[in-house]
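Understanding the architecture of this molecule
Letter by letter, the chains look like this.
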Amino acid sequence: MPICKRLILIIILSVIVQGMTGSNPFLPMLKKNYRQYAKQLITYRTQLDFTMEQSEADTLMAQINEAARIAGTSQWKLEAQLMHITYKFRYKTRHQPGNRYNADSVAIDFEKLEQNAINAADTLMQIRVKRELMNLNYHFIKNYAQAFDIANQLYTDLNHVDAQELPDKLLIYTDMASMYYHFRDYDQAEDILLQIVEQVNHTDTLNLLPNTYNTLGLIQSKHHNNPGEAEKQFRNILALPPQGNESPQHIEAWEAIARGNIAQLYARQGRHQEAIKLATFACETMQRLNDYSFAQDMATLVASICLKPDAKNLQMAHQYIEKARNYARKTYLNSQKQELFSVMARYYTLTANTNQAIAYADSAEEARNQYNRQYNTLVLTRAEQRLHQKDHEAQQLQLKAQQTRATWLQHLINTAALALAIIGTLLIALAILYRRKHIAYRHLAQKAQNWAKQQNTIENKEKETENALSTEEIELMQRVAQLVEKERIFTQPELTLIDLANRLEINRTYLSAAINHCTGQSFSNYLAQLRVREAVRIMSDPQNAKLTIDSVAFNAGFSDRHNFYRAFKRETGLSPTAFRNNIDK
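The shown structure was predicted, so the numbers you read here are calculated from the model rather than taken from an experiment. (Residues numbered from 1 in each chain as written. Predicted model: local features only at pLDDT ≥ 70, side-chain atom pairs only at ≥ 80, totals over all residues. Heavy atoms only, no water.)

Quick look at the nonpolar core now. Counting residues in each nonpolar core, the largest one holds 119 residues, and the members touching the most others are Phe26, Met83, Phe110, Leu166 and Met176. The element contributing the most residues to this core is helix 12 (residues 248-268), with ten residues. Setting aside residues no more than four positions away along its own chain, Phe110 makes contact with Leu82, Ile85, Val129, Glu132, Leu133 and Leu136. Formed by 21 residues, the second largest nonpolar core is a distinct cluster that contains Val480, Leu497, Leu500 and Ala501. (Core = buried A, V, L, I, M, F, W, Y, C linked by side-chain atoms within 4.5 Å. Buried < 20%, exposed > 50% of the residue type's maximum accessible area, 1.4 Å probe, protein only. Helix = DSSP H or I, 4+ residues; strand = E, 2+ residues; numbered from the N terminus. Contact = heavy atoms within 4.5 Å.)

As structure tokens, this is what we get:
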């Protein structure tokens, strides 16, 4: 009976799964590459994050598991694993109190998934998982040092990937820029944002440009103090064409944000009436869209302008202070209240309510200090985490070094006797070889000295070349020998065949042919041989023992060390240094 029940249950589940996968949205994606289905997949993960009921989430997981089974590829197995982690953490943790699958558990699963992607050589999945780890460490685990380390890795990885190939690339840039901006690393944030502007296509299906232009404008305004460039970035938002996938509320909100930020620029420039007009528009729009945080900023801005001497309007200031206070009750951002408190302090100062003015001035100062403490705590936390991370890395390196040292010592003990025996044998062999080499070098040095003492006569050359020399060639070579022996023109480093031909008043081609026929060498080799002989004679003279090798080369006619060493080795079989070390003292 239990077996029958189990079979019936399996059949029912099979029918359910078939019914769920009959309209499986993932199946049409199987024949496409990632860039073609990325946006749809991101949408499903976002819905799984925030809007799906459990039945919908369970259906979605069954569908992607079915798609991975049908595809049978590592790519879709990895996609299913990534969706499963999202399902467990984002959905289960939120809707099942006491669930122990926390952020640290997710980090472990993401690290496993990253390793699977590495094993599958799936570069795009590796980058996507790194993004998840970066955001997880930043927003949930609060390990800022780790998050920024991953951001640095991603920055390098993304330089080798095209946005068409990985549509998530610009989303990752947005996440990274937000992190750097929040930690007031404005230059790094700006660099990343400019890359988004450069790489985003004109359709901007992910609607990244409004936020990108807005953040660039804030950086220009607050960090670079460049209101002109800041206004240009804000107006870029207003100039964006509407996208088909944008809601009217989305378009209205960004128009209000852009005009509100321009209003803040105008207020600082003293263009108060223009600023009020833009700020009131932004305030009313954002209040209608239930964005009370920005509405509070704009109401506070209008009130602060109305307290300026050239735009003084206490009634209007009071009206917008009350609006800002009302919006403040509906938002959780305490950091914005410091400006509101400052405006209220100025208002009560102008209306001669000293007690209220002092109270709100104190509140503004406390809010400002609290905001600074929160930021300093973030920076300090990141620094402490980085220090701890460095300590951990140092400990790991130390442990690894100890293990390596222990292994090496064990190996050293096991091989010490053999190594000593081998070293002893090698030393004996080297001593024998050195002695033989020394004897051979001394022989070569003596041979070179004898060779250098020989007369470089035409008769000797005729015997060496075994060629019959004509009378004209003999006479010509005798003239060459006279110049060589008497004037020693070969010691001139700049001597060329043309120079020698001009001295002899003959054709250089005929001279070259005669030298080649008589000596069996080209002119350059013949000249090098003469110079090597001279170098041998110089170094054989004990009076020249203190001359450097470069001086010997120059005195022999060589213009550089390289040519000297090459020619000397060719003619004697030894380097100049080896020759000098092995001649008879």
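Having seen it, we continue.
The tally for this structure, following the rule as stated, stands at 17 salt bridges. A salt bridge links Arg271 to Glu274; the nearest nitrogen and oxygen atoms lie 3.0 Å apart. Here Glu365 ties to Arg368 by a salt bridge, and the two come within 3.0 Å at their closest N and O atoms. Pair noted here: Glu365 and Arg368 are both in helix 17 (residues 354-453), with a separation of three residues, about one helical turn. Arg368 gets classed as partly exposed once you look at its relative accessible area, which sits at 30%. (Salt bridge = Lys/Arg side-chain N within 4 Å of Asp/Glu carboxyl O.)

This part is about a nonpolar patch on the surface. On the surface, a nonpolar cluster with roughly 300 Å² of combined accessible area is contributed by Trp408, Leu409 and Leu412. Along the chain, Trp408 turns up in helix 17. On the basis of relative accessible area, Trp408 is assigned to the partly exposed category, the value being 49%. (Patch = residues over 30% accessible without salt bridge, like charges linked within 9 Å, V, L, I, M, F, W, Y side chains within 5 Å. Areas by Shrake-Rupley, 256 points an atom, 1.4 Å probe, with all protein chains shown as cover.)

Let's shift gears to the environment of Ala103. With respect to the secondary-structure elements, Ala103 resides in helix 5 (residues 103-119). Separated by 33 residues in the primary sequence, Ala103 and Leu136 have C-alpha atoms spaced 7.0 Å apart. Contact partners of Ala103, with chain neighbours within four places excluded, come to Phe89, Leu136, Phe140 and Ile141.

A word on the packing of aromatic side chains. The description of an aromatic ring pair rests on the distance of the ring centres and on the angle between the ring planes. This structure, assessed with the given rule, holds 19 aromatic pairs. Their ring planes at 90° and their centres at 5.5 Å tell us that Tyr34 and Tyr37 sit as a pair that is edge-to-face. Note that Tyr34 and Tyr37 are positioned in helix 2 (residues 34-50) at a spacing of three residues, about one turn of the helix. Both rings, one in Tyr138 and one in Phe148, keep their centres 6.3 Å apart while their planes meet at 80°; by these two values the pair is edge-to-face. Of this pair, Tyr138 sits in helix 6 (residues 123-141) while Phe148 is found in helix 7 (residues 144-158), placing the two residues ten residues apart along the sequence. A connected cluster of aromatic rings, assembled from ring pairs, spans Phe26, Tyr34, Tyr37, Tyr44 and Trp76. Across from the ring centre of Phe281, 5.8 Å away, lies the NZ or CZ of Arg259, which sits over that ring. (Phe/Tyr/Trp six-rings, centres within 6.5 Å; stacked < 30°, edge-to-face > 60°. Lys NZ or Arg CZ within 6 Å of the ring centre and 35° of its normal.)

What follows covers helix 11 (residues 227-239). For helix 11, with 13 residues, the first-to-last C-alpha span of 18 Å sits near the 18 Å given by 1.5 Å per residue. Residues Ala230, Glu231, Gln233, Phe234 and Ile237 constitute the buried set of helix 11. Mapping the buried residues of helix 11 onto a view down its axis gives an arc of 160°, with all of them on the same face. For helix 11, the elements touching its buried residues are helix 10 (209-222) and helix 12. (Expected span 1.5 Å × (residues − 1). Arc of directions from axis to C-beta.)

This next bit is on the packing of helix 9 (residues 186-199) against helix 10. The geometry of helix 9 relative to helix 10 is characterised by a closest axis approach of 10 Å and an angle of 145° between their N-to-C directions. Here helix 9 runs over helix 10; the crossing is left-handed. Residues Tyr186, Ala189, Glu190, Leu193, Leu194, Ile196 and Val197 of helix 9 form the contact with helix 10, whose participating residues are Leu209, Thr212, Tyr213, Thr215, Leu216, Ile219 and Gln220. Among the residues forming the contact of helix 9 with helix 10, the class breakdown is ten nonpolar, three polar and one charged. (Axes fitted to C-alpha atoms, helices over the stretch in contact; angles between N-to-C directions. Left-handed = near helix turned anticlockwise from the far one by under 90°. Nonpolar A, V, L, I, M, F, W, Y, C, P; charged D, E, K, R; others polar.)

The next subject is the packing of helix 5 against helix 6. Where helix 5 meets helix 6, the axes come as close as 9 Å, and the angle between the chain directions of the two elements is 165°. Comparing their axes, helix 6 and helix 5 come out roughly antiparallel. With respect to the hand of their crossing, helix 5 and helix 6 are arranged in left-handed fashion. Only Met125, Gln126, Val129, Lys130, Glu132, Leu133, Leu136, Phe140 and Ile141 of helix 6 make contact with helix 5, whose side of the interface consists of Ala103, Asp104, Val106, Ala107, Phe110, Glu111, Leu113, Glu114, Ala117 and Ile118. Here the contact of helix 5 with helix 6 is built from residues that sort into 13 nonpolar, one polar and five charged. (Parallel < 35°, antiparallel > 145°, perpendicular 65-115°, else oblique.)

A word on unusual backbone geometry. Although it is not a glycine, Lys142 sits at a positive phi angle of roughly 65°. On the secondary structure map, Lys142 appears in the loop between helix 6 and helix 7. With relative accessibility at 39%, the residue Lys142 sits in the partly exposed group. With a phi close to 55°, Asn225 is a non-glycine residue in the positive phi region. Take Asn225: it is sitting in the loop between helix 10 and helix 11. A residue is classified by how much of its surface remains accessible, and Asn225, at 63% relative accessible area, is exposed.

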